[in-house]
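The primary structure of each chain is shown beneath.
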Amino acid sequence: GRWSSIPPPCLVAGDVVALPPPSSSAAGGRGATVPADLLLLDGRAVVNEAMLTGESVPQVKESVLGGGEDGEAGGGTARLD
């Protein structure tokens, strides 16, 4: 187990990906854009569900394990479904 960068087309269901916190340089200071269905395993994420639900306000999602810290949503890990 080590982290590596790979092109999005190479990802397959079951892969675990790291989501950078919104303030990181890897996220360009605005969070990560992830064009895939993910199960958030750890941390918190701000999710724009407009294409799915029509809701224009991004929603904060917590990991399936719960217990996220209070405050700004940040990075975590997620599994592609």
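Residues numbered from 1 in each chain as written. Predicted model: local features only at pLDDT ≥ 70, side-chain atom pairs only at ≥ 80, totals over all residues. Heavy atoms only, no water.

**Remarks on the nonpolar core**
In this structure, Val 17, Leu 19, Leu 40, Ala 45, Ala 78 and Leu 80 together form the largest nonpolar core, which totals six residues. Of all the elements in the fold, those that place two or more residues in this core are strand E1 (16-19), strand E2 (38-47) and strand E4 (76-80). In this view, Val 17 contacts Trp 3, Leu 11, Leu 38, Gly 76, Thr 77, Ala 78 and Leu 80; residues no more than four positions away in its chain are not counted. (Core = buried A, V, L, I, M, F, W, Y, C linked by side-chain atoms within 4.5 Å. Buried < 20%, exposed > 50% of the residue type's maximum accessible area, 1.4 Å probe, protein only. Helix = DSSP H or I, 4+ residues; strand = E, 2+ residues; numbered from the N terminus. Contact = heavy atoms within 4.5 Å.)

**What to know about the sheet that holds strand E3 (residues 59-62)**
Spatial strand order, E1-E4-E2-E3: four strands in an open sheet with antiparallel pairing. The sheet terminates laterally at E1 and E3, the two strands that pair on one side only. Strand-to-strand twist of the sheet, defined as the mean angle between neighbouring strand axes without regard to direction, takes the value 40 degrees. The pairing of E1 with E4 spans four bridges and is antiparallel. (Pairing = 2+ DSSP bridges. Axes fitted to C-alpha atoms, helices over the stretch in contact; angles between N-to-C directions.)

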